[in-house]
Structure formats: C-alpha cells, structure tokens
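Listed below are the residues making up each chain.
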Amino acid sequence: MKKVIIVGAGMAGSEAAWQVAQRGIKVDLYEMRPEKSTPAHKTEKFAELVCSNSLRGAGLENAVGLLKEEMRQLNSIIMESADINRVPAGGALAVDREGFSQYITDKVKNHPNVTVINKEIETIPQEDDAITIIASGPLTSEVLAKSIGELTGQDYFYFYDAAAPLISKESIDMSKAYRASRYGKGTADYINCPMDKEEYEKFWQELTTAELAPIKEFEKAKFFEGCMPVEEMARRGIDTLLYGPLKPVGLEDPKTGKRPYAVVQLRQDNAADSLYNIVGFQTHLKWPEQKRVFGLIPGLENAEFVRYGVMHRNTFINSPELLRPTLQYKDRDDLLFAGQMTGVEGYIESAASGLVAGVNAAYLAKGENPVIFPEQTAHGSMCKYITSAVAKHFQPMNANFGLMPPLEERIRDKKLKKQKIAERALEFLAKFKIDVLKLSK
Ligand code: FAD
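Calculation notes
- Residues numbered from 1 in each chain as written.
- Predicted model: local features only at pLDDT ≥ 70, side-chain atom pairs only at ≥ 80, totals over all residues.
- Heavy atoms only, no water.
- Axes fitted to C-alpha atoms, helices over the stretch in contact; angles between N-to-C directions.
- Helix = DSSP H or I, 4+ residues; strand = E, 2+ residues; numbered from the N terminus.
- Parallel < 35°, antiparallel > 145°, perpendicular 65-115°, else oblique.
- Left-handed = near helix turned anticlockwise from the far one by under 90°.
- Contact = heavy atoms within 4.5 Å.
- Nonpolar A, V, L, I, M, F, W, Y, C, P; charged D, E, K, R; others polar.
- Near = heavy atom within 4 Å.
- Polar contact = N/O pair within 3.5 Å; in protein donor to acceptor, adjacent residues only side chain to side chain.
- Areas by Shrake-Rupley, 256 points an atom, 1.4 Å probe, with all protein chains shown as cover.
- pLDDT = per-residue confidence, 0-100.
- Buried < 20%, exposed > 50% of the residue type's maximum accessible area, 1.4 Å probe, protein only.
- Expected span 1.5 Å × (residues − 1).
- Pairing = 2+ DSSP bridges.
- UniProt positions renumbered as here; feature names shortened; annotations may be inferred.
- Domains from an automatic or database assignment.
- Buried area = accessible area lost by both parts, 1.4 Å probe.
- Salt bridge = Lys/Arg side-chain N within 4 Å of Asp/Glu carboxyl O.
- Phe/Tyr/Trp six-rings, centres within 6.5 Å; stacked < 30°, edge-to-face > 60°.
- Core = buried A, V, L, I, M, F, W, Y, C linked by side-chain atoms within 4.5 Å.

Colleague: What is the right way to read the packing of helix 2 (residues 63-73) against helix 12 (residues 414-435) from this model?
Modeller: Packed helices, taken two at a time, are described by their axes: the angle between them and the distance between them. At their nearest, the axes of helix 2 and helix 12 sit 11 Å apart, and the two run at 20 degrees to each other. Considering the angle they form, helix 2 stands roughly parallel to helix 12. Crossing angle aside, the handedness with which helix 2 passes helix 12 is right-handed. Contacts between helix 2 and helix 12 involve Leu66, Glu69, Glu70 and Gln73 from the former and Ala422, Ala425, Leu426, Leu429 and Lys433 from the latter. Here the residues of the contact of helix 2 with helix 12 are counted per class, giving five nonpolar, one polar and three charged.

Colleague: Explanation requested: the site of the ligand in the structure shown.
Modeller: Around the ligand, a shell composed of 32 residues is seen, among which Ala12, Glu31, Arg33, Gln340 and Gly346 lie nearest. Between a nitrogen atom of the ligand and a side-chain N or O atom of Ser141, the distance comes to 2.9 Å. In this structure, Tyr347 approaches the ligand through a main-chain N or O atom, which is 2.9 Å from an oxygen atom. The fraction of the free accessible surface of the ligand (970 Å²) that becomes covered by protein chains is 94%. The set of elements that each furnish at least two residues to the shell around the ligand consists of helix 1 (11-22) and helix 10 (347-365). Residues that form the shell around the ligand fall into these classes: 13 nonpolar, 13 polar and six charged.

Colleague: Teacher, can you tell me more about the confidence of the model for the protein here?
Modeller: One rule of thumb: low pLDDT means the predicted coordinates there are not for detailed reading. The pLDDT averaged across the protein works out to 94; a share of 98% of its residues lies at or above 70. For this predicted complex, the interface score ipTM comes out at 0.99, alongside a pTM of 0.88.

Colleague: Please explain the side chain of Asn277 as it appears in this structure.
Modeller: Along the chain, Asn277 turns up in strand 13 (residues 275-278). Among the residues examined, Asn277 registers a relative accessible area of 8% and is labelled buried. In contact with Asn277, not counting residues within four places along its chain, are Pro165, Leu166, Gln265, Leu266, Arg267 and Asp269.

Colleague: What should I look at first to understand helix 10 in this one?
Modeller: Structurally, the α-helix is built with 3.6 residues per turn, so residues lying three or four positions apart point the same way. Spanning 19 residues, helix 10 covers 26 Å between terminal C-alpha atoms, matching the ideal 27 Å at 1.5 Å per step. Trailing helix 10 by a residue or two, Gly367 shows a phi angle of about 80 degrees, which is positive.

Colleague: How should the sheet that holds strand 7 (residues 130-134) be read in this particular structure?
Modeller: Sheet strands line up and pair through hydrogen bonds in the backbone, either parallel or antiparallel. The strand order 6-2-1-7-17-16 describes an open sheet built from six strands, whose pairing is mixed. Strand pairing shows two members of the sheet lacking a second neighbour, strand 6 (114-117) and strand 16 (328-329), which therefore form its edges.

Colleague: What am I meant to see in the UniProt feature "binding site: FAD" (unreviewed entry) in the protein here?
Modeller: Residues given the UniProt feature "binding site: FAD" (unreviewed entry) here are Gly8, Ala9, Gly10, Met11, Ala12 and Gly13. Following the sequence through the fold, Ala9 ends up in the loop between strand 1 (3-7) and helix 1. Those residues within four positions of Ala9 in sequence are excluded, and the remaining contacts are Ser14, Leu29, Tyr30, Glu31, Arg33, Phe46 and Ala47. Tracing the sequence through the fold places Met11 in helix 1. Setting aside residues up to four positions removed in sequence, Met11 forms contacts with Ala47, Leu49, Ile78, Phe100, Tyr347, Ser350 and Ala351.

Colleague: Where do I start with the domain arrangement of the protein in this structure?
Modeller: By a frequent convention, interface size equals the accessible area lost on bringing the separate parts together. Split by domain assignment, the protein resolves into domain 1 (1-155 + 316-434) and domain 2 (161-311). The straight-line distance from the C-alpha centre of domain 1 to that of domain 2 is 31 Å. Opposite the 18 residues of domain 1 that make contact, domain 2 presents 16 residues. Taken together, the two surfaces of domain 1 and domain 2 that pack against each other cover about 1400 Å², and 53% of this comes from carbon and sulfur. It is His393, Gln395 and Lys414 in domain 1 that bury the most area against domain 2; as a group they hold 25% of the surface buried on that side. Viewed at the interface, domain 2 and domain 1 are joined by two salt bridges.

Colleague: When you look at the sheet that holds strand 12 (residues 262-268) in this model, what are you seeing that I'm missing?
Modeller: Across the sheet, which stays open at both edges, the six strands sit in the order 10-11-12-13-9-14 with antiparallel pairing between neighbours. Pairing within the sheet leaves two strands with one partner each, and these edge strands are strand 10 (178-180) and strand 14 (305-307). Direction aside, the axes of adjacent strands within the sheet are offset by 40 degrees on average. Bridging between strand 12 and strand 13 involves three bridges; their strand directions are antiparallel. Counterpart to Leu266 in the pairing with strand 13 is Ile278.

Colleague: Would you mind showing me how to read the packing of aromatic side chains here?
Modeller: The description of an aromatic ring pair uses the distance of the two centres, along with the angle that the planes make with each other. For the coordinates displayed, the defined rule picks out 10 aromatic pairs. Through pairs of rings, three or more aromatic residues link up here, namely Tyr158, Phe316 and Phe394.

Colleague: What should I look at first to understand the nonpolar core in this one?
Modeller: By size, the foremost hydrophobic cluster in this structure holds 98 residues, and its most contacted members are Val4, Leu29, Ile78, Phe100, Ile133, Ile148 and Phe337. Residues from two domains meet in this core; each of domain 1 (1-155 + 316-434) and domain 2 (161-311) gives at least three. Contacts of Val4, omitting those with residues within four sequence positions, involve Val20, Ile25, Lys26, Val27, Asp28, Ile131, Ile133, Ala361 and Ala365. In this structure, Ile191, Ala234, Tyr276 and Val293 belong to the second largest nonpolar core, which totals 32 residues.

Written out as structure tokens, the structure reads:
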C-alpha cells in the first residue's frame, strides 16, 4: 500500500488528510506555517478561516447548504467541527473561528495515520511509493507556484481572479431581454438586456457611487493590471461604457426594431446552458451592492446570482484542460489537486473538493480505481463543472443548483424545485455511499 503526500493543511488539505487517514492509509501532511505564512493567514492552525467566519447558507434550499449536508453524510471533519463550533448567524452556518480550526488541528494532527511536517514544499512531489495531493490554496507559496506553472504550462495557470457575476438563466426576464449576436453574425448566442437613456443614466449613477469591497494590501499592485473593473471604467465618464461593454451597435431589439441606447450582454457559461455571465462586468463592488446595482439592468430585476463578481489574488489551474472528474491530473495518475487551486470558490467548496481528492487518493494508494461522484450530487456537479467547463473562459465557481442536471419533471415554483433537486442529490449520495464507497455509516 502506498502513502499519501498532501501539500497544505488548509480547508481542502485537512479534509483530504482526514478522509485518507480514516481509510487506514498513512498520510504525510506538509504545511509551511508557522515557519512561513501567506499574506492572509494569521495562525499556525489547520483550516484557518482567512476572512469571514461564515460558511454561508445552512439550509437545503441553498446549494452550499446541500454541499454541507453531503459532507456530513461522508463523515467530513470540517463539518464535524463546524457543527460543534457553530455560533448564531440566522440562516447561515457561522463558526467560532478559533474553536473551529483548533478542533480540526487536534483531530488531524493526533490521528495515528497522520504525520505532520512543517515545511514549505518547493516542487511538486513525485515518489514511487506515494500518491500526491496539491492543496496549497489561493495563496500558494511562490516557489511551489512556479513548479505548478512549469507542470501545467503558463497558459493554464493563473495568479489572479477577475470574474464577472454569474446568473441563472431561468431568473432572466426574457420579456425584456432578447437573443442576438452583434450585426446578426453567427447564431444568436448572447442574451441582451436593452436600456433606454433614462435607465442607463440611473444605472451609471448608482454604479459609480456604489460601495466597494476593501482591497487587501497584498492585492493592490495587481488590482488594475489588464482587467479594469466595470465601475472604474464607468467613473471615467458617463459615455465610456457606451463605447465599451454596453456598446449597442448591431444589437437592434427585435421587439422594437430599434437600436437601444445601451445593451448589457450575457454570455452562456456552461454546457448545460443554465448559467450566464455578464460580459465585461468584472467588479470590485460589495456583493449586496452587485445585487442592487445590477438589478437595475432591465431583465435582471430578479436575477439569481450564483456567483458574484470578484477581483482578488487567487492561484488556480485551468481544470477543464488539466484535471479529470476524479480530480486527478490528466497526465499523472498519481497526482491530484484540491481546494481553491482547482477553480472551486469558497471555504466549503474547497473542503468538499478536498474530500473528493482524499477519497480518490485512498483508492489509488490501495491500488484500486478512483471514483467519479454522481453529477446529481453537489460534490459531483462541482467536479464535473470544473473539469468540463469551457476552458477558454474558465473562472472559479461556487456550488449552485445550476450545475446539476435538471429534474425530469418541470416544476415552476423555484423553492420547490430546489428542494426536489436537494432531495434527489441526497438519494443519489445515499446509494453511492453504499454501492460504490461501501460505507455503512
Ligand atoms: P487554504 O485554506 O489557504 O490552505 C492552503 C494551505 O497551504 C495553507 O495552510 C498554506 O499555508 C499552505 N501552503 C501554501 N503553499 C505551501 C507550500 N509551498 N508548502 C506547504 N504548505 C503550503 N472563501 C469564503 O468562503 N469566504 C471568505 O470570506 C473568503 N475569504 C477569502 C479571503 C482571502 C484573502 C482569500 C485569498 C480567499 C478567501 N476565500 C474565502 C476563498 C477560499 O475559500 C479560502 O481561501 C479557502 O481557505 C481555500 O481553501 P484551500 O484549502 O484551497 O486553501
């Protein structure tokens, strides 16, 4: 039996180590803190929450709530600690951050199958008697990042994430929006939201005065490189957007036969055609402000944001080009990636991908075949998305119902629909747990 080397004891690495160790396999867990830290970590503890202490939605009407429930069913150490260290936070699951990380540190460190080595890993490990998981996170140390970039090729390796918001297609009001491509070229791939002069001016006013998210000190140098936030572009003048992302030429509205004053375009984001991104809207606005201001765009009044726009330092790979849904590297069976590095976004998503990588590393260590989680589950849908999205436009993704296959029956009530998708996910997981993972509890 091989051992498993895990690089990084963050959200993903801690969960992966637990899953491997619980399956009776030895783990060497490398963590560079406290010897060397990242610009965001402040302690030497495992699974440190670098910012908010909220793990977001708790209920099953929320995809990240479903992801949490699936993790509980799969004996996650992150969820065990979250439930023990819960603090009141309405519909969200928030935790006492010290207690949360301390519990995980103690459990993982004291596991008889885990050896913790406080050392910075500089090159991707490759040993005959080991399976490796890279879970070094969005702030991977520079030398290791270089080694990963050399493996993947620089075109498939990113240091910065500037993503426009993503919205679910079903939440777009198509009585106002319309399909068209500029000058009618090719198929009508884009959904277009038209604005008249009054609507545009109101939107511009709100966009230029909306509240921004704070920029971390270590992110400042990168902030405006290459990719300008939409609010910053707007601040250059009231007409600037009309010559940029809101340019209306060639986009006549079929309902009126006329060219609108301004047009916001939405581009398809996933193969299932359930998610659309707002073209050119990378933004640094606070999340509630994105909902308020972008909700002024005709057709997006009730838009469901499955991921808000972000602009932050992030180390991630182009998983659609590089990974299999088992989270194995395509060109190396013995190498897996997990966490934010794979292009999932968020604490829980990172931990869940660590769970998948841990389960599969354990199979590989035993000389068995790795498994693909069913796409009907939140875990499986996330792994499927990051490994099959359009590689050219790949951006990190939160868990969301739009990633899961539609239900066979058509349900109009959105709340009921989410409930049914969640029920289906847990049914598929229960079967997968017994039939494939052979777990009795
Ligand atoms: P991490 O939890 O960062 O774990 C990676 C570990 O690898 C770290 O312990 C690090 O010290 C170690 N490491 C790095 N390089 C090496 C090396 N060469 N050798 C050995 N060890 C190494 N998500 C949310 O849901 N809510 C938030 O509020 C939130 N805020 C964020 C704020 C910032 C500043 C950043 C950067 C990200 C934030 N995220 C947030 C996104 C993401 O969910 C977290 O970063 C999450 O911790 C990612 O989990 P991970 O396991 O991939 O990485």
